[in-house]
Amino acid sequence: MSWQQELQNIFKTIPELLAYLEISQDHPSIFYDSSFPIKVPRSFANRMLKGNIDCPLLKQVLPVQSELSEEGGVYDPLMEDEFIEDRGILQKFQHRLLVIASGHCAIHCRYCFRRHFPYDEHRFSTKDWTILFERLKADRSLNEVILSGGDPLTLPDNRLETIIHQLNTIDHLEIIRIHSRLPIVIPSRLTSELQSIIRKSKIPVVIVFHINHPQELDASLIKTLKDWQQVGCVFFNQAVLLKGVNDTVTVQENLWRTCFKAGIQAYYLHQFDDVKNAQHFKVNKDQGLEIITELRKRLPGFMMPSYVQEIPFAGSKVPIV
Ligand code: SF4
């Protein structure tokens, strides 16, 4: 099945997902009426534990009653509204622009800091891409562009090819970065066309994945990613520290070792961004520091992520030490 067909065929209701996982639909913790609907690709559900409501992959996507709490958190924890320059274009840090290249994701992660983001107001049209290219051309201090979202890899390959081709005409651009979770949740997104687009780019294209738990990487996906790395593709991972998902040293150790096996370099372990309706995922910083201190004893330095927090207007990600 093509990745586009898999995208059409995702679980969009809780009963069909739970029936597939052989889990009772009467569990009192489940929240059926969230305005942030569920979206779960079948290939990701295949990696979940059957019959186990505490599966760390399921926990990332299953709406629970705790989301009803209005206590704590804010709708826009990174104050991104303050950094919007134009429709879908944000400048949060020097030298780089972030683009909401697509408002769609293949999966809805309950802890997402953009779960309340007004994607409808930032739908990128052809005209907006032109504005972006002109903006990049006009400002030689901008040497990096981040295609983000949503998930930029929901765009078709021919669209991505045009975008990357246009970016290659900007001579001072040094890095094209793609932030994506799609190839992790639907591995068939790693098409040979996509690989060829990335390899053809004269400007290095770096893909930063979002993987939170080692169970997200099965043997077949590890092999595909390793094959891509061996032909020169560069992958990093940024994870979020999440209560009940990956808040133990053992899971963290397995996560970063598994990433290494797949040719993915450790980048960030993010402190949870304080978004409203997802406070049950929050791990306090003291506990995070204990985990990272112990992790440092277990992993070689090149497998260690930086434990960071994004603080609006800080000018960079802030290391938690
Ligand atoms: S933007 Fe990333 S973290 Fe947020 S829902 Fe989409 S895939 Fe999940």
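Rules behind the numbers
Residues numbered from 1 in each chain as written. Predicted model: local features only at pLDDT ≥ 70, side-chain atom pairs only at ≥ 80, totals over all residues. Heavy atoms only, no water. Helix = DSSP H or I, 4+ residues; strand = E, 2+ residues; numbered from the N terminus. Rg over C-alpha atoms; globule rule 2.2 N^0.38 Å. Buried < 20%, exposed > 50% of the residue type's maximum accessible area, 1.4 Å probe, protein only. Contact = heavy atoms within 4.5 Å. Near = heavy atom within 4 Å. Nonpolar A, V, L, I, M, F, W, Y, C, P; charged D, E, K, R; others polar. Pairing = 2+ DSSP bridges. Axes fitted to C-alpha atoms, helices over the stretch in contact; angles between N-to-C directions. Expected span 1.5 Å × (residues − 1). Arc of directions from axis to C-beta. Phe/Tyr/Trp six-rings, centres within 6.5 Å; stacked < 30°, edge-to-face > 60°. Lys NZ or Arg CZ within 6 Å of the ring centre and 35° of its normal.

S.K.: Hey, could you run me through the overall build of the protein in this one?
M.R.: Along its length, the protein carries eleven helices and ten strands. Here the protein has a C-alpha radius of gyration of 19 Å; the compact-globule value for 321 residues is 20 Å, and the two agree. Its C-alpha atoms put the protein at 55 × 45 × 40 Å along the principal axes. With 321 residues in all, the protein has 54% of them scored as buried. Pairs at least 24 apart in sequence give 80% of the contacts found in the protein among residues at least 6 apart.

S.K.: Just to check I follow, could you spell out the site of the ligand for this structure?
M.R.: Surveying the vicinity of the ligand reveals the residues Cys105, Ile107, Cys109, Cys112, Gly150, Arg181 and His210. Its residues assigned to classes, the shell around the ligand shows four nonpolar, two polar and one charged.

S.K.: How should the sheet that holds strand E2 (residues 89-93) be read in this particular structure?
M.R.: The strands that make up a sheet pair up through hydrogen bonds in the backbone, lying either parallel or antiparallel. Spatial strand order, E1-E2-E3-E4-E5-E6-E7-E8-E9-E10: ten strands in an open sheet with mixed pairing. Because the sheet does not close on itself, it has two edges, and the strands there are strand E1 (84-86) and strand E10 (317-319). Taking each pair of neighbouring strands and ignoring which way they run, the sheet shows an average axis angle of 30 degrees. Sheet contacts for helix H10 (residues 249-261): strand E7 (234-240) and strand E8 (264-270); angle to E8, the most-contacted strand, approximately 150 degrees.

S.K.: So what exactly am I meant to see when it comes to helix H5 (residues 126-138) here?
M.R.: Residues that lie three or four places apart on an α-helix share one face, since the helix turns once every 3.6 residues. The end-to-end C-alpha distance of H5 is 19 Å, a good match for the 18 Å that 13 residues give at a rise of 1.5 Å each. Listed in full, the buried residues belonging to H5 are Asp128, Trp129, Leu132, Phe133 and Leu136. Seen from one end, H5 has its buried residues packed into an arc of 140 degrees, which puts them on one side. Opposite its buried face, H5 presents the exposed residues Lys127 and Ala138, each directed more than 90 degrees away. Considering only its buried residues, H5 is in contact with E2, strand E3 (96-102), strand E4 (144-149) and helix H6 (157-167).

S.K.: Would you take a moment to explain the packing of aromatic side chains for this structure?
M.R.: Aromatic rings considered in pairs are described by the distance between their centres and by the relative angle of their planes. The final tally for this structure, using the stated rule, is eleven aromatic pairs. For the ring pair Phe260 and Phe302, a centre distance of 5.6 Å and an interplane angle of 45 degrees mean the geometry is tilted. On the criterion of sequence distance, the pair formed by Phe260 in helix H10 and Phe302 in the loop between helix H11 (285-298) and strand E9 (306-310) is long-range, its members being 42 residues apart. Overall, the relative accessible area of 57% leaves Phe302 in the exposed class. Above the face of the Tyr20 ring, Lys50 is positioned so that its terminal group lies 4.7 Å from the ring centre. Over the ring of Trp3 we find Arg189, and its NZ or CZ is 4.0 Å from the ring centre.

By themselves, these figures tell us nothing about what the structure is for.
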